[in-house]
Amino acid sequence: MLDKGTLERLFKTYCKPGFTYAYGTAGFRYKADVLDTVMFTTGVLAGLRSIYMEGRTVGVMITASHNPPEDNGVKIVDPKGEMLEQSWESYATDLANSATQDFTAFSVFLQKLVHELGIDTNAPGNIAIARDSRESGPRLLRAFLSGSRILPNIRITDHGLLTTPQLHFLTSKGNEQQNGPAVDRFFYYKEFLSAWDDITALCGIKSLPYKLEIDAANGIGAPRVKEMLSAHKFFDGNFRVVNDDWQTPASLNHLCGADYVKTNQRLPHGIQAKNDCPRICCSFDGDADRIVFYFCDSKGQFRLLDGDKMATLFAKFFQSILSSVNLQESLSLGVVQTAYANGSSTHYIEQVLGIPVTCTPTGVKHLHHEAINHDIGVYFEANGHGTVVFSKKFDEVVSRGLSNRHQSSSTLQSLRLLSKFSNLINQTVGDAISDMMGVLAVLSILGWSPQKWDLEYTDLPNKLVKVLVPDRTVYKTTNAERQLLSPPGLQGKIDALVADYQHARSFVRASGTEDAVRVYAEASTREEADSLASRVSQVVKHNS
Ligand code: G16
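Residues numbered from 1 in each chain as written. Predicted model: local features only at pLDDT ≥ 70, side-chain atom pairs only at ≥ 80, totals over all residues. Heavy atoms only, no water.

**Q** What should I look at first to understand the site of the ligand in this one?
**A** Inspection of the region around the ligand gives 20 residues, with Thr25, His66, Glu381, Ser511 and Thr513 positioned closest. In the environment of the ligand, an oxygen atom lies 3.0 Å from a nitrogen or oxygen atom belonging to the side chain of Lys75. A distance of 2.9 Å is found between an oxygen atom of the ligand and a side-chain nitrogen or oxygen belonging to Arg290. Computed on the free molecule, the ligand has an accessible area of 470 Å², of which 98% lies beneath the protein chains in the complex. In the shell around the ligand, the residues fall into two nonpolar, 10 polar and eight charged. (Near = heavy atom within 4 Å. Polar contact = N/O pair within 3.5 Å; in protein donor to acceptor, adjacent residues only side chain to side chain. Areas by Shrake-Rupley, 256 points an atom, 1.4 Å probe, with all protein chains shown as cover. Nonpolar A, V, L, I, M, F, W, Y, C, P; charged D, E, K, R; others polar.)

Dropping the structure here:
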């Protein structure tokens, strides 16, 4: 570790007193001007985590994803590409909060942590880091790098500007292959495009069935998706990226992007309401880890195809392939959702498809851990954040099937398709670009239009409202966030309101990425869903 004098000097440059940090739904996320301290301590923590994981690369993404431009944050990624193990979230939080006291509190806590975890601070470690396009990114990167410098043998690979899922993927691949080709964003493009080429060749698909319009939320997804798809024969000339002004930080997520489209249930700025040519549209969020699709129907009306619709599309698709090769008993298929999943989607998956559904708290870290209990685990939040994960057993069963010389050609074709799909999907985390290609591949194979996809089931009308409260930390939930434990008495009032409506549901929870409480309501008509959301919001406001 650095000598005490240098360490104290670095500490004093970056760490400020008087703020309490909490590890949220996806890491630390606040207004950028209060983040220097936690960026510095995250530099230390990521280095410790890598040493603890025997030098394997730990990923770090500086982003506030769907949040407004003045926010920023940091997500720590474990060596396999998934979110930081939960027991380390409290180390990260306690280290940051020790640094908001004074240098002595910080060094005492750090020594204690190092001792408890048995970490040799001089051992080698590796960190892969990237950031989104926010203005505060370079400053926060400097704070992070200074923190990581206190451990002398940490090697940093700075990937510059990436989407969050690219960083997750590169972290995982960097750990898998030590001596292969450079693991950079061009490696990412090659991996996913070659899976796409294999699938389209296998299924005889020659072109995209419709034009693709991508709203990139004025974020880093814009240059990355253009760089990836522009020279490709399927996409060149068939896709258009709007809201691609990633170099104007103030425009990030403004009147566009996945969160805007999903929450407001309307088209983003820059995409016209028309249906004059076969077209499918989609919106990424600011760091391209979420995607929602949509189209305009024959009356020019906006129709949303959100995370629930993606979950059902993938679940149905994989179910039909599994049964075509008679593997439905050998390989388990399951869907993971959160309380925000539309009741109609859950009903459709359980009752129509007959596939089990599990509900977890919000945050892909929760959904991911549940999904890996299945051989094919489909997980999506309604907001468009999600992916599909495939087990080791899946790989073994599929490759055993592929090496069986007695298989029929149609069985071999289906097994190859399953195998290639597991390469087209970014299994580390929700990924707007990879999910987009996965959905386009499924729709092309099935020959489905967006209209046909939409008709699989009809969403119950729903409404999501943000309520500002003096202290969101008093909102504690249970039962996968579907019921409030605190403030006392509030759940009873919500239940009484819900009882006034047909097929209604409502819940309240504190956001883990914004300083607000979220109110969700669904009911059998649009008027009822709006009315219930508004009445529950009023009760929350009066209660606070
Ligand atoms: C993050 C998480 C998502 C979560 C979303 C909203 O998304 O990764 O899993 O759904 O925040 O969380 P909350 O309701 O707690 O604010 P992103 O895209 O912002 O990283």
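**Q** Would you explain the sheet that holds strand E1 (residues 28–31) in this entry?
**A** Strand pairing in a sheet takes place through backbone hydrogen bonds and is either antiparallel or parallel in direction. Spatially, five strands are ordered E1-E3-E2-E4-E5 in an open sheet, and the strand pairing comes out mixed. In this open sheet, the two edge strands, each paired with only one partner strand, are E1 and strand E5 (154–161). Adjacent strand axes in the sheet meet at a mean angle of 15 degrees when their direction is disregarded. Two elements, strand E2 (residues 57–62) and strand E3 (residues 71–77), share four bridges in a ladder whose sense is antiparallel. Within the sheet, the bridge partner assigned to Gly59 lies in E3 and is Val77. (Pairing = 2+ DSSP bridges. Helix = DSSP H or I, 4+ residues; strand = E, 2+ residues; numbered from the N terminus. Axes fitted to C-alpha atoms, helices over the stretch in contact; angles between N-to-C directions.)

**Q** Looking at this structure, I do not really get the domain arrangement of the protein chain. What am I missing?
**A** It is common to report an interface's size as the accessible area lost on association of the parts. Per the domain assignment, the segments making up the protein chain are domain 1 (4–161), domain 2 (187–305), domain 3 (307–431) and domain 4 (462–543). Here the C-alpha centre of domain 3 lies 23 Å away from the C-alpha centre of domain 2. Each partner contributes residues to the interface: domain 2 has 17 residues there, and domain 3 has 17 residues. Overall, the association of domain 2 and domain 3 removes approximately 1600 Å² of surface from exposure, summing both partners, and the carbon and sulfur fraction of that is 66%. Summed over the shared surface of domain 2 and domain 3, the number is one salt bridge. Asp198 serves as the salt-bridge partner of Lys420, at 3.3 Å between the closest nitrogen and oxygen. Between domain 2 and domain 3 we count four residue pairs in polar contact (both at pLDDT 80 or more) in total. Sorting the residues of the side of domain 2 that touches domain 3 by element identifies helix H7 (185–202), strand E9 (291–296) and strand E10 (302–305) as the ones contributing at least two each. Ranked by residues supplied to the side of domain 2 that touches domain 3, first place goes to H7 with seven residues. For the side of domain 2 that touches domain 3, the per-class residue count stands at 13 nonpolar, no polar and four charged. (Domains from an automatic or database assignment. Contact = heavy atoms within 4.5 Å. Buried area = accessible area lost by both parts, 1.4 Å probe. Salt bridge = Lys/Arg side-chain N within 4 Å of Asp/Glu carboxyl O.)

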